[in-house]
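Spelled out from the first residue to the last, the chains are:
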Amino acid sequence: MDYGKYKYQQSKKQHKNQSHHTKTKEIRLRPKTGDHDIEFKVKQAISFLKHKDKVQVSIQFKGREMAHVEEGHRVMAQVIELLSEVGKVESPPKQMGRRIMATVSPKAG
């Protein structure tokens, strides 16, 4: 066997044995985000979860949108419902100033 081929196979084995370091990805939404746009962001979040990364969902309010916080909670509940089949809620939705944030981690298995 030639040495180049041997080195290549060794590097392939080493790369295969490396573990995945969990990252936190974020999807940002607004209370007035349309349904199709929410579905698109959820598809991205599902791909992150399938890749074993955590997803932080944040809903940002601007200006007078703070008068309708319940709309933001509705959007958050919708996103969590759509992500429930591939992930579990690690930290429930909390309001921090002008944003609502929740963290979803991938389901084990």
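Reading guide: rules and limits
Residues numbered from 1 in each chain as written. Predicted model: local features only at pLDDT ≥ 70, side-chain atom pairs only at ≥ 80, totals over all residues. Heavy atoms only, no water. Helix = DSSP H or I, 4+ residues; strand = E, 2+ residues; numbered from the N terminus. Buried < 20%, exposed > 50% of the residue type's maximum accessible area, 1.4 Å probe, protein only. Phe/Tyr/Trp six-rings, centres within 6.5 Å; stacked < 30°, edge-to-face > 60°. Lys NZ or Arg CZ within 6 Å of the ring centre and 35° of its normal. Pairing = 2+ DSSP bridges. Axes fitted to C-alpha atoms, helices over the stretch in contact; angles between N-to-C directions. Contact = heavy atoms within 4.5 Å. Expected span 1.5 Å × (residues − 1). Arc of directions from axis to C-beta. UniProt positions renumbered as here; feature names shortened; annotations may be inferred.

1. Observations regarding the environment of V104
Part 1: Structurally, the position occupied by V104 is in strand β4 (residues 99-106).
Part 2: On the basis of relative accessible area, V104 is assigned to the buried category, the value being 2%.
Part 3: In this structure, the C-alpha to C-alpha distance between V104 and K25, residues 79 residues apart in sequence, is 9.9 Å.

2. Quick word on the side chain of S58
Part 1: Position of S58 relative to the elements: it lies in strand β2 (residues 54-60).
Part 2: Residue class for S58 comes out buried when judged on its relative accessible area of 2%.

3. Section: the packing of aromatic side chains
Part 1: By the definition in use, this model includes 1 aromatic pair.
Part 2: Ring centres 6.3 Å apart and planes at 35 degrees place the aromatic pair Y3 and Y6 in the tilted group. Placement of the pair is Y3 and Y6 together in helix α1 (residues 3-17), with a separation of 3 residues, close to one helical turn.
Part 3: Since its relative accessible area comes to 40%, Y6 is described here as partly exposed.
Part 4: In this structure, K25 packs its charged tip against the face of F48, placed 5.2 Å from the ring centre.

4. Thoughts on the sheet that holds strand β3 (residues 87-96)
Part 1: Taken together, the 4 strands give an open sheet; going across it, the order is β1-β2-β4-β3, and neighbouring strands pair in mixed fashion. Both edges of this open sheet fall to β1 (24-29) and β3, since each of them pairs with a single strand only. Strand-to-strand twist across the sheet, computed as the mean angle between neighbouring axes with direction ignored, equals 20 degrees.
Part 2: Inspection of the sheet shows β1 paired to β2 by 6 bridges, in the parallel sense. Within β2, the position partnered with R28 by the bridge is S58.
Part 3: Packing against the sheet, helix α2 (residues 35-50) makes contact with β1, β2, β3 and β4, and its axis sits at approximately 175 degrees to β1.
Part 4: Contacting β1, β2, β3 and β4, helix α3 (residues 69-83) crosses the sheet at an angle of about 5 degrees to β4.

5. With respect to α2
Part 1: Taking 1.5 Å per residue as the helical rise, α2 with its 16 residues ought to reach 22 Å, and the 22 Å between its terminal C-alpha atoms agrees with that figure.
Part 2: Buried residues of α2: I38, V42, A45, I46 and L49, and no others. What you see down the axis of α2 is that its buried residues fit within an arc of 105 degrees, all on one side. Facing away from the buried side of α2 by more than 90 degrees, the exposed set consists of H36 and K43.
Part 3: Where α2 is buried, its residues touch β1, β2, α3, β3 and β4.
Part 4: Downstream of α2 by a residue or two, K52 has a phi angle that is positive, lying close to 70 degrees.

6. Overview of the UniProt feature "domain: Translation initiation factor 3 C-terminal" (unreviewed entry) in the protein chain
Part 1: Under the UniProt annotation, "domain: Translation initiation factor 3 C-terminal" (unreviewed entry) lies at residues 23-107.
Part 2: In this annotation, residues 23-107 is assigned 36% helix and 36% strand; the end-to-end C-alpha distance for the span is 15 Å.

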